[in-house]
Protein chains: 2
Amino acid sequence: MVTMQQVADRAGVSISTVSFVVNDTKPVTAETRERIQRAIDELGYRRNALARALASRRSHVIAMIHPIIDRNHYGFVEAAAGAAAAAGYNLVLWPVHSDDEAREITSLTTTGAAGGVLLLEVRYDDARVRALQEANSPFVLIGRTGELEGMDFVDIDFESTVAHAIDLLAGEGHRCIGLVVEDFSATALASYAPPLRVADIFRAEMSRRDLHGEVFTVPRVLDPDAPSGTPGAGIVAQLAATAPETTALVVMHATASFAIVHELRARGLVIPRDMSVVGIAVESAVTSLVDPPVTTFETPSREMGRLATEVLIARMAGAEPGRVHRLIDCEVRPGASVAPAPHGRRRLDAG
Amino acid sequence: MVTMQQVADRAGVSISTVSFVVNDTKPVTAETRERIQRAIDELGYRRNALARALASRRSHVIAMIHPIIDRNHYGFVEAAAGAAAAAGYNLVLWPVHSDDEAREITSLTTTGAAGGVLLLEVRYDDARVRALQEANSPFVLIGRTGELEGMDFVDIDFESTVAHAIDLLAGEGHRCIGLVVEDFSATALASYAPPLRVADIFRAEMSRRDLHGEVFTVPRVLDPDAPSGTPGAGIVAQLAATAPETTALVVMHATASFAIVHELRARGLVIPRDMSVVGIAVESAVTSLVDPPVTTFETPSREMGRLATEVLIARMAGAEPGRVHRLIDCEVRPGASVAPAPHGRRRLDAG
DNA sequence: TTGAAAGCGTTACCAT
DNA sequence: ATGGTAACGCTTTCAA
């Protein structure tokens, strides 16, 4: 391995000067700079990230904390890793499950292992956030807590997304719309914010429009080795029992859409003729596989991951602009799952 | 931040002794050890990973190199992160695209940024592998190159998986079976090994059994922002044109199964009555969403990720056992996509 | 504009 | 069994 000292020797300058050139931290004569650059090239010097972090008390490592690692996080992870790499930072995956989370996290930045933190699966009330604030370490939420003061976050604009989804369906004449969300209450993520938030928004938006809406939940199974069964199985039966006049569904659950189509078909109902379906905050890469493809308001996961990372890097670099509270819209990807409301032709209770 | 020196002061010993206790590297009197431990607890000391790595010239960071980040890698990533965390190591995601790959990788371990490397998406002939060997840095392949000497790898046992899939179908009377694999030739991963390997094995196994088999390919689109279209669209038409007597398909492509079912249905054919389908080396979490659920030989991605990481950690810790060449079977997850071969009732060419 | 030198928090060797 | 101390490779004052 080539050290800075070796470069300095070869260029006939002091190690400090090399450092100035490498980091572009102080002015250096064009001539000297060139001499040093040549030495660097000839020797194939690469600065040692560890030593740099230790000496500067500034790590270029970003820790991404994810209690549950989930296929749905892929976009975030990928985008974050890309944005980090582009800025010369590195992304470390930090699986934290224990209830000891907070302490774990604190020591993470405190020991220099990571210079900043990206937090996933944020809960309404999140001990990890408090820990990060106390430790005074730079962090950005992908998602948000109830309290928003004094922190940066990037989240989905659920308000606008839900409103758009409802408008889309109401525009087709649907008056009775169901919402399907995941229920995390049996898991460690009991207060995981998105489904709760979306259910509230949905109820509010529906009543504001004088429409009738019911909320259905799909229990979340966390054990990755559990026989997956079909998430969302039974939803249609539940629907028939509770709100048979429902003609459209807003589904915040990628795989449940498959079960819904399947169960409707078993009852002789067809999407979108007898039931319209709209996916929200899911990946269209998945929902487009449903037959028919589900019209989807897609999670802007890549944009969120990139943005969050860029904000975090700015903070890690010491920038102190105002807090970033960024909400991003889900863009719609048209499918073939939305049609005008049926006129009493076929209904759920007839099945 | 609490340093080792502070602990030493508080315990009234030298910093060396604290180090011995913290790392359990030399015998220390029970009494002293306890005194030190108390100081550690009281002060909330956590050793600084950076300093440790710098001084010991041994990083506990594992870099996972992934040219293309793909949903299918999720199992690997998750399992690797978990196994690493369990051993006190950390997993860094290292997106490497450039053709400068090799150099990038070398400097990675050379500068101490990472102590070991996990390589994904391995090609038959992989420059990165050579770079790692030359740099003399510990690495483990998830996948394998053509040449296997002098390296560790964990890969799918394609031989046995393909044989099992064929046996399953042949056992139901199918004599003419198609294979669907992804074609990476238009991408940077042109020599990506698995599809090539599987196609070879398939042909060999089929002719060994005196069965008739044809290989079909689905072109791979790498641009993540490309309108995904439906991967695998057109396969059925191709099938009808080339090998209409086909009654079963072995599909090494999770999402193509959806297109296949869809296109068959459009021709009035039904799975599994008119065509049996078996998935191999894919995730059943995805293929089970097909209607009907596809019988799937599932990629043991979690096991592969865990194993590879454990082997790598052993190497990083200096263990020098024999090379690990581990092939893991894909376990079958029964679906409802396999039935006895139809007796000339409905065939593809009739569609 | 450049250089000297004191750290950064550990580890590891050599003494004791 | 414990301590002293020189690295590890770099950054960052402070001086020149």
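Attention in this report is confined to the structure presented alongside it. In this text, all values refer to a predicted model and were calculated from it rather than measured experimentally. (Residues numbered from 1 in each chain as written. Chains lettered and ligands numbered in written order. Predicted model: local features only at pLDDT ≥ 70, side-chain atom pairs only at ≥ 80, totals over all residues. Heavy atoms only, no water.)

### Notes on unusual backbone geometry
Glycine aside, a negative phi is what most residues show, and trans is what most peptide bonds show.
Then step 1. In this structure, the amide linkage connecting I271 of chain B to the following residue, P272 of chain B, adopts the cis form with an omega of 5°.
Then step 2. With respect to the secondary-structure elements, P272 of chain B resides in the loop between α11 (256-266) and β9 (276-282).
Then step 3. For D210 of chain A, which is not a glycine, the phi torsion comes out positive at approximately 60°.
Then step 4. Its place among the elements puts D210 of chain A in the loop between α9 (193-208) and β7 (212-219).
Then step 5. Here R57 of chain B, not a glycine, exhibits a phi torsion of approximately 55°, which is positive. (Helix = DSSP H or I, 4+ residues; strand = E, 2+ residues; numbered from the N terminus.)

### As for the environment of G234 of chain A
Then step 1. Its location among the elements puts G234 of chain A in the loop between β7 and α10 (235-242).
Then step 2. Distance from G234 of chain A to A256 of chain A, taken between C-alpha atoms, is 9.9 Å for residues 22 residues apart in sequence.

### A short note on the relation of the copies chain B and chain A
Then step 1. For the pair chain B and chain A, the relating rotation is 180°, the translation along its axis is 0.0 Å, and the fit reaches an RMSD of 0.1 Å. A rotation of that kind, with that shift, is consistent with a two-fold axis. The position closest to the rotation axis in chain B is occupied by the C-alpha of V92 of chain B, lying 2.1 Å away.
Then step 2. Comparing contact sets, 98% of the residues at the interface of chain B also lie at the interface in chain A, consistent with an isologous, same-surface contact. (Least-squares fit on C-alpha atoms with pLDDT ≥ 70 in both. Contact = heavy atoms within 4.5 Å.)

### Concerning the nonpolar core
Then step 1. Core analysis: the largest hydrophobic core is formed by 94 residues, its most contacted members being M64, L91 and L118 of chain A together with M64, L91 and L118 of chain B.
Then step 2. Ranked by size, the runner-up nonpolar core spans 48 residues in total, among them V180, L249, V282 and V290 of chain B. (Core = buried A, V, L, I, M, F, W, Y, C linked by side-chain atoms within 4.5 Å. Buried < 20%, exposed > 50% of the residue type's maximum accessible area, 1.4 Å probe, protein only.)

### Here we look at the protein's contact with DNA strand C
Then step 1. In the vicinity of DNA strand C lie 29 residues, with T17, T29, T32 and R57 of chain A together with M4 of chain B positioned nearest.
Then step 2. Taking all atoms of DNA strand C within 4 Å of the protein, the share assigned to sugar and phosphate is 70%.
Then step 3. T29 of chain A places a side-chain nitrogen or oxygen 2.5 Å from a sugar or linking oxygen of DNA strand C.
Then step 4. Within the contact set of DNA strand C, a base oxygen lies 3.3 Å away from a backbone nitrogen or oxygen of A55 of chain A.
Then step 5. Put simply, the parts of the chain that give the surface near DNA strand C at least two residues each are α2 (15-23) and α4 (49-56) of chain A together with α2 (15-23) and α4 (49-56) of chain B.
Then step 6. At five residues, α2 of chain B tops the list of elements feeding residues into the surface near DNA strand C. (Near = heavy atom within 4 Å. Polar contact = N/O pair within 3.5 Å; in protein donor to acceptor, adjacent residues only side chain to side chain.)

### Side note on the sheet that holds strand β8 (residues 248-251) of chain B
Residues and elements named next belong to chain B.
Then step 1. With mixed pairing, the six strands of this open sheet are ordered in space as β7-β6-β8-β9-β10-β12. Each edge of the open sheet carries a strand with a single partner, namely β7 (212-219) and β12 (331-333). Along the sheet, successive strands turn relative to each other by an average axial angle of 20°, direction set aside.
Then step 2. Alignment of strand β6 (residues 176-183) against β8, held across four bridges, turns out to be parallel. Within β8, the residue paired with I177 across the bridge is A248.
Then step 3. Here helix α9 (residues 193-208) sits on the sheet in contact with β6, β7 and β9, set at roughly 170° to β6.
Then step 4. Contacting β6, β7 and β8, helix α10 (residues 235-242) runs over the sheet at an angle of about 150° to β7. (Pairing = 2+ DSSP bridges. Axes fitted to C-alpha atoms, helices over the stretch in contact; angles between N-to-C directions.)

Structural measurements only, silent on function.
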